[in-house]
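# Structure at a glance
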Amino acid sequence: MAVTGTAAAVAISLPGTAGAEDTPAGRAAASGTTPGAVPGAGGTENRPGTDGAPGTEGTGGTGGTDGTGGRGAAALAPATVAPAAAEGPRGTGTDPLTDAELARARTLALAPADTAARQDVDGDRGRPQHLGTELADPAPGREATRRAQVRFYDYARDELVTRTVDLTTGKIESTGTQRGVQPSAHPEELRTALGLILASPLGKGVKEDYRDATGKELKSADQLWFNGDVYRTHRERNVPEALSRCGEHRCVRLVTKVRNGAWIDTRNLIVDLSARNVVRVG
């Protein structure tokens, strides 16, 4: 009676499982097989697995397989990479600007007549230096309208020009100009700066370092990897008088290296792109 009472107590405390082993299905579940099942053909074979589940081997596969969920690795189709969806001429909502929209935004922003007097980093008139184009925030009540914000730097006036254009109507919605504001440098500006360094007497050391590293002569900026950004005087302890207008002028500092080779230290050479002048610091 004591044993019967204990069994009943266990059955009550474990609902849904107690007593299940006392049936053919229960005994089969306890042993890891199903009645009449052939290992590897419809049930799970009671082998040790790696995922903490009985009836699997290698990677937690089922059906008596060897860890691949099928008849071995040969049954798996080779992995493929789906091609990227073709980009349409226009995006929707807050999608990034498409290549077509980027080109259209830049063309629209250059349309006004005052563009003819503006200059890029190389002094060419009619095309102020492009710095970047991005999707503009939607206007209230016009969330579906795609707008772009285009930024230029006009070297003729040393000012940042920002224009917002409506990509649907083609209209320029606003134009703003700022002086003393220096966004990050564009790669075209950095290339021009490197060319000015190589053309300067201060570029002699750069050419010597290149010759020592490669045994060849440095003749153009294309032979170097380069990067850099705007030189900001408020971050420097000692600013030479020749660089005192940086901030009003567009000035940059470069880091350079031989392509797939050694670094060439140009951090002490600051280029005033507005004045087209190279100055040594430090």
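Residues numbered from 1 in each chain as written. Predicted model: local features only at pLDDT ≥ 70, side-chain atom pairs only at ≥ 80, totals over all residues. Heavy atoms only, no water.

## Concerning the sheet that holds strand S2 (residues 147-154)
Condition: By definition, two strands form a pair when at least two bridges between them are found by DSSP. The numbering of helices and of strands both runs from the N terminus, where a helix is a DSSP run of H or I of at least 4 residues and a strand a run of E of at least 2. Note on definitions: angles span 0 to 180 degrees between N-to-C directions of axes, and those axes are lines fitted to C-alpha atoms, for helices only across the stretch in contact.
Taken together, 4 strands build an open sheet; the order of strands is S1-S2-S3-S4 and the sheet is antiparallel. Pairing within the sheet leaves two strands with one partner each, and these edge strands are strand S1 (129-135) and strand S4 (172-178). Direction aside, neighbouring strands of the sheet carry axes that sit 15° apart on average.

## Considerations on the state of the cysteines
Quick reminder of the rule: Disulfide: a pair of cysteine sulfur atoms within 2.5 Å of each other. Relative accessibility thresholds used throughout: buried, under 20% of the residue-type maximum; exposed, over 50%; partly exposed, between the two (1.4 Å probe, protein chains only).
Taken as a whole, this structure holds 1 disulfide when the rule is applied. Covalently, Cys246 is tied to Cys251 through a disulfide, its sulfur atoms 2.1 Å apart. Because the torsion about its S-S bond is -85°, the bridge between Cys246 and Cys251 counts as left-handed. Each member of the pair, Cys246 together with Cys251, is buried.

## Some points on the nonpolar core
Applicable threshold: Put simply, buried Ala, Val, Leu, Ile, Met, Phe, Trp, Tyr and Cys residues joined by side-chain atoms within 4.5 Å make one nonpolar core. By the convention used here, residues are in contact when the closest approach between their heavy atoms is within 4.5 Å.
Among the nonpolar cores identified, the biggest contains 26 residues, and Leu194, Ile197, Val206, Leu224, Val252, Val271 and Leu273 are the most heavily contacted of them. With 6 residues, helix H4 (residues 187-199) is the single largest residue contributor to this core. Dropping the residues within four chain positions of it, Val252 is found in contact with Ala185, Leu190, Ala193, Asp229, Val230, Tyr231, Leu269, Ile270, Val271 and Leu273. Grouped together as the second largest cluster of nonpolar side chains are 10 residues, Leu97, Leu108, Ala109 and Leu167 included.

## Examining the packing of aromatic side chains
Rules: To pair, rings of Phe, Tyr and Trp, with the six-membered ring standing in for Trp, must have centres within 6.5 Å; the planes then decide the type, stacked if under 30 degrees apart, edge-to-face if over 60, and tilted in the middle.
Per the counting criterion, the structure on display carries 2 aromatic pairs. The interplanar angle of 70° and the centroid separation of 4.9 Å between the aromatic rings of Tyr153 and Tyr155 together place this pair among those described as edge-to-face. Residue classification places Tyr153 among the buried positions, given a relative accessible area of 1%. Residue Tyr155 is classed as buried on the basis of its relative accessible area, which comes to 9%. Centroid distance Trp225 to Trp263: 5.7 Å. Interplanar angle 90°. Geometry classified as edge-to-face. Highlighted residues: Trp225 in strand S5 (residues 224-230) and Trp263 in strand S7 (residues 263-264), separated in sequence by 38 residues.

## With respect to the environment of Ile264
The residue Ile264 is located in strand S7 in this model. In contact with Ile264, other than residues within four places in its own chain, are Val206, Asp209, Tyr210, Leu224, Thr256, Lys257 and Val258.

## What about the pattern of salt bridges?
What counts is decided by this rule: Take a side-chain nitrogen of Lys or Arg and a carboxyl oxygen of Asp or Glu: if they are within 4 Å of each other, that pair is a salt bridge.
The full count for this structure, using the stated rule, is 17 salt bridges. The partner of Arg147 in a salt bridge is Glu173, and the shortest N-O contact between them spans 2.5 Å. Of this pair, Arg147 sits in strand S2 while Glu173 sits in strand S4, and the two are 26 residues apart along the sequence. Glu173 sits in the partly exposed class, given a relative accessible area of 29%. For Asp222, the salt bridge goes to Arg191, with nearest N and O atoms at 2.4 Å. Taken together, the positions of Asp222 in the loop between helix H5 (204-214) and S5 and Arg191 in helix H4 put the pair 31 residues apart, joining distant regions of the chain. For Arg191, a relative accessible area of 38% translates into the label partly exposed. Through salt bridges that share partners, Asp114, Arg118, Asp154, Arg157, Glu159, Arg163 and Arg179 make up one connected network.

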